[in-house]
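Here is what each chain is made of, one letter per residue.
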Amino acid sequence: MNAPIGIFDSGVGGLTVAKEIMRQLPGESLVYFGDTARVPYGTKSKATVCKYSRQIARFLQTRKVKAIVIACNTASALAREELEEMVDVPIVDVVRPGAKMAAETTRNKKIGVLGTRSTIKSGIYERYLHQIDAEITVVSKACPLFVPLVEEGLFEDRITEDVVGRYLHDMKEYEIDSLVLGCTHYPLLRGVIGRETGDGVRLVNPAYETAKSLKEMLKEKELLAPAGGEVTHDFFVSDGADEFISFANSVLPRRVENTSLVDIEAY
Ligand code: DGL
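In this text the structure is predicted, and so the values were computed from the model without any measurement.

Undergrad: Describe the overall build of the protein, with residues and values.
TA: Regarding its fold elements, the protein presents eleven helices and ten strands. For the protein, the C-alpha radius of gyration of 18 Å lies close to 18 Å, the compact-globule estimate for 267 residues. In terms of principal-axis extent, the alpha carbons of the protein reach across some 50 × 40 × 35 Å. The buried share of the protein, taken over its 267 residues, is 56%. Approximately 12100 Å² of the protein is accessible, and the part contributed by carbon and sulfur atoms is 47%. Across the protein, the centroid of the 33 positively charged side chains sits 2 Å from that of the 38 negatively charged ones.

Next up, the structure:
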């Protein structure tokens, strides 16, 4: 089907998922929305995140999307069910694929999960991981300072090293062998996080598995774009379009020329 896939996040984090979708599904058109005016979501209540997510879904539907990817763990944890009731297109979130990938990765059944406060508080990773295997031990940690560090582009910086060291310190005693980057902003800090955890811990980025689930779902529902059609990538934000463009160009493989502002409160 020749219609775009809608992707959204609170800001730039979802670009890590968009990048993987572009890689695995190069023939698909995308409409990305980053809620840069209202980031972060991870410190906000379920009611607020649901309201924001509903507005974004309404906006994406005006762009005639054939599916929606919630490229935000916080919105996946708090708003997926609400969105499912509201929209008539299939939805893919990032948490289920991330949990599946972590369960497949671990050897010693000790998994760490890093996420925003709201994602960790929701307990969603524990729930999914225990549904897959009740013997898995899950050690979770909220890392509220990571999102502003990423939004500021401080991927490799002494401040980031200090913050990562502080958050991961308590996790060391649990001898985890896999660590889920349970917020779509965090893969951009994987260099610093990986150095802190060392070679014995595998970092799990749910983006790969999310793109894979999306592909399977599109295939199953016969929604894949026909070969040889025009491919467009459109970007929308609720604030700071210029900053977003330069950020997107540092993350994505293809050049982003334009980003449009959307008055998301009007939806
Ligand atoms: N990138 C989002 C996530 O995956 C949200 C981060 C935030 O806005 O706090 O949770």
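The rest of the description comes next.
Undergrad: Talk me through the site of the ligand; I want residue IDs and the actual numbers.
TA: Taken together, the neighbourhood of the ligand is formed by 14 residues, with Ser10, Tyr41, Asn73, Thr74 and His185 sitting nearest. In the model, an oxygen atom of the ligand is placed 2.8 Å from a nitrogen or oxygen of the Gly42 main chain. A distance of 2.7 Å separates an oxygen atom of the ligand from a polar atom in the backbone of Asn73. Protein burial of the ligand: of its 300 Å² of free accessible surface, 99% is covered by the chains. Its atoms largely coinciding with the cavity grid, the ligand occupies the largest cavity. Looking at the shell around the ligand residue by residue, the class counts come to six nonpolar, seven polar and one charged.

Undergrad: Can you explain the layout of surface pockets? Please cite residues and give values.
TA: Approximately 220 Å³ is the volume attributed to the largest pocket. Of all elements in the fold, only α1 (15–24) and α11 (241–251) reach the threshold of two or more residues within the lining of the largest pocket. Of the residues in the lining of the largest pocket, the class split is six nonpolar, three polar and three charged. Lining of the second largest pocket is provided by Lys46, Ser76, Ala77, Leu78, Ala79, Arg80, Glu81, Glu82, Arg96, Ile124, Arg127 and Tyr128. If you tally residues by element for the lining of the second largest pocket, the top one is helix α3 (residues 73–86), at seven residues. Residue classes in the lining of the second largest pocket are distributed as five nonpolar, one polar and six charged.

Basis of the calculations
Residues numbered from 1 in each chain as written. Predicted model: local features only at pLDDT ≥ 70, side-chain atom pairs only at ≥ 80, totals over all residues. Heavy atoms only, no water. Helix = DSSP H or I, 4+ residues; strand = E, 2+ residues; numbered from the N terminus. Rg over C-alpha atoms; globule rule 2.2 N^0.38 Å. Buried < 20%, exposed > 50% of the residue type's maximum accessible area, 1.4 Å probe, protein only. Areas by Shrake-Rupley, 256 points an atom, 1.4 Å probe, with all protein chains shown as cover. Lys, Arg positive; Asp, Glu negative; His and termini not counted. Charge placed at Lys NZ, Arg CZ, Asp CG, Glu CD. Near = heavy atom within 4 Å. Polar contact = N/O pair within 3.5 Å; in protein donor to acceptor, adjacent residues only side chain to side chain. 1 Å grid on protein atoms, 1.4 Å probe; cavity = no way out; pocket = protein on both sides within 12 Å on 5 of 7 lines; lining within 4 Å. Sits in = over half its atoms within 2 Å of the grid points. Nonpolar A, V, L, I, M, F, W, Y, C, P; charged D, E, K, R; others polar. Points joined across faces, edges and corners; volume = space filled by probe spheres on them.

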